[in-house]
Amino acid sequence: MTVVRRICVLPLMVLTATHFVRAQETTATPPRSSTAPEGEGKQRSEDETRKRLEQLACGPSGVHFSHHSEKRPQALPEQPPDKGLIYVLRTKGLEGATVQAKLAMDGKWVGVNRMASYFYIEVDPGPHYFCLKAGVGPGTIGLLSLVIEKGKTYYLRQNLTMGGNDLDLLDETKGKEYVAKYHRSVFEVKPRK
Amino acid sequence: MSVLFLAFSLALNASVSTSQVGFVLRNLLELERGQGSDSVVGQSQQSERSSSPASAPKPVLTDGTLVRLKFVRAVVSSQVIAGERVPLEVVEPVLVGKLVAIPQHSAEEAIVTMAQAGRSVGRGGNLQFKIENIRLADGELVPVRAVKDVKGGGNRAVALTGEAGMAAGFAFWPASPLGFLIYAKGKNATIPAGAEITAYIEGDIPLDPSKFQGAPVVSQEKSAPK
């Protein structure tokens, strides 16, 4: 009888202990915001940071755009007082003439450029994460994180090189110069087949 | 006897009436001034206040006061993301008279406003910070202005090669050493631990000395760093 009792009690004890441990685990793990960057307080490695930034910045795979440039002169937008205005431009270069340069912000693809073209986006103030993707394979992703301030204009250059792709923050003079001589990109997401 | 009594009673009445008249006159004067009996108490309190140290001009942390801070740990542009906070420490106390407005070694934070790892073709990374607030010894957060911009060093050989070198390197790849240079990344922007950053108090901040009672008070010999 005592053996039977022990056999019954033992699994109960194990079950209770398991539940207790699981409860401790769930309460010990704080809820994480999907957009807040990790790693405050502790030092991350370069690889960990890059992976984290890719997760925050780049959009899902399999999103393609149809694209053309607006050749007629375009009126530029007014600077919204409560938002940041970002021009994303791609300069002329030797590399990737036929390749589209996509830009994602905070995990969503927002636009695409071909050579000597630009588009613009209005952005809420605060930290934002940018991802440039052009071509396939390693080194085709360029990353940048930036705190956007309201009422300010930013110029991001999609810089495609043989050594990799980068997003460069240009100064206002240079940025305005490019925007004045380039054409505005017109694009839309291609429907999935 | 009766004359004497009459004279005594007249004198008593006269003294009472003069004191009454004096009381009534005093009240009338006070009424004219628009003050009641409370005003007397109020006046005495005011005089007490005027003689107390509280009515002395409040110490003010003036606009542009310099706050020297240092980075607690090294910050590398490839290991941080914009929006993150990095720890700072106050290098020397900020004094307003005898009052320690910001104690030495107190913990503060800088916000990363731009982070970019070393780029292709040997171009360096970028790192930018700002400090928005600093905590006073009484716990109050006060606005400051401070920015720091650090650029990573480029790869000199690649920088000299430039775009033309890239084209040449591509043409002769992989035989040409230029081809290797193209793939060289620039250096990350790095701030070593202990590097200093200066913040400036934004606007005049009046201080309440009673709230700084727990904070250390220094002798007059030490002057406030400005």
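Fair warning: this is a prediction, and the values are worked out from it, not measured in the lab. (Residues numbered from 1 in each chain as written. Chains lettered and ligands numbered in written order. Predicted model: local features only at pLDDT ≥ 70, side-chain atom pairs only at ≥ 80, totals over all residues. Heavy atoms only, no water.)

J.: Would you explain the pairing of strand β4 (residues 108-113) of chain A in this entry?
T.: Residue and element names in this part refer to chain A. Bridging between strand β3 (residues 101-105) and β4 involves five bridges; their strand directions are antiparallel. Within β4, the residue paired with leucine 103 across the bridge is glycine 111. Joining the antiparallel neighbours β3 and β4 is a turn of two residues, in which aspartate 106 adopts a positive phi near 50°. (Pairing = 2+ DSSP bridges. Helix = DSSP H or I, 4+ residues; strand = E, 2+ residues; numbered from the N terminus.)

J.: Mind showing me how you'd approach the state of the cysteines here?
T.: Put plainly, two cysteines are in a disulfide when a covalent bond ties their sulfur atoms together. Residue and element names in this part refer to chain A. Inspection of the entire model under this criterion finds one disulfide over all chains. The disulfide bridge from cysteine 58 ends at cysteine 131, spanning 2.1 Å between sulfur atoms. Sign of the S-S torsion, about 90° for the bond between cysteine 58 and cysteine 131, identifies this disulfide as right-handed. Linking cysteine 58 in the loop between α2 (46-57) and β1 (65-70) with cysteine 131 in strand β6 (residues 126-134), this pair joins segments that are 73 residues apart in sequence. (Disulfide = S-S within 2.5 Å.)

J.: Looking at this structure, how should I read the confidence of the model for chain A?
T.: As a general rule, the predicted coordinates of low-pLDDT regions are not to be interpreted in detail. Confidence in the prediction of chain A, expressed as mean pLDDT, is 81, and 78% of residues score 70 or more. Taken together, the stretch residues 14-36 of chain A has pLDDT below 50 and engages in seven contacts with residues farther than four places along the chain or on a different chain. (pLDDT = per-residue confidence, 0-100. Contact = heavy atoms within 4.5 Å.)

J.: I tried to follow the pattern of salt bridges on my own but got confused; where do I start?
T.: Side-chain pairing between opposite charges can occur once the charged atoms of the two side chains come close. Applying the stated criterion across every chain, the model contains 16 salt bridges over all chains. Residue A:Asp124 pairs with A:Lys83 through a salt bridge whose shortest N-O separation is 2.9 Å. Of this pair, A:Asp124 sits in the loop between β5 (117-123) and β6 while A:Lys83 is found in the loop between β1 and β2 (84-90), placing the two residues 41 residues apart along the sequence. B:Arg145 is the partner of B:Asp63 in a salt bridge, and the nearest nitrogen-oxygen pair spans 3.4 Å. (Salt bridge = Lys/Arg side-chain N within 4 Å of Asp/Glu carboxyl O.)

J.: Would you mind going over the confidence of the model for chain B with me for this structure?
T.: Residue and element names in this part refer to chain B. Of all residues in chain B, 56% attain a pLDDT of 70 or more, and the chain-wide mean is 70. No element of chain B has a lower mean pLDDT than helix α2 (residues 37-51), at 36, and none a higher one than strand β4 (residues 85-90), at 96. Considering only residues more than four positions removed or in separate chains, one finds that residues 1-52, a stretch of pLDDT under 50, has four contacts. A low-confidence stretch, residues 156-180 stays under pLDDT 50, and its non-local contacts, those more than four residues away or across chains, total 28 contacts. Overall fold confidence for the complex sits at a pTM of 0.69, while the interface term, ipTM, reaches 0.76.

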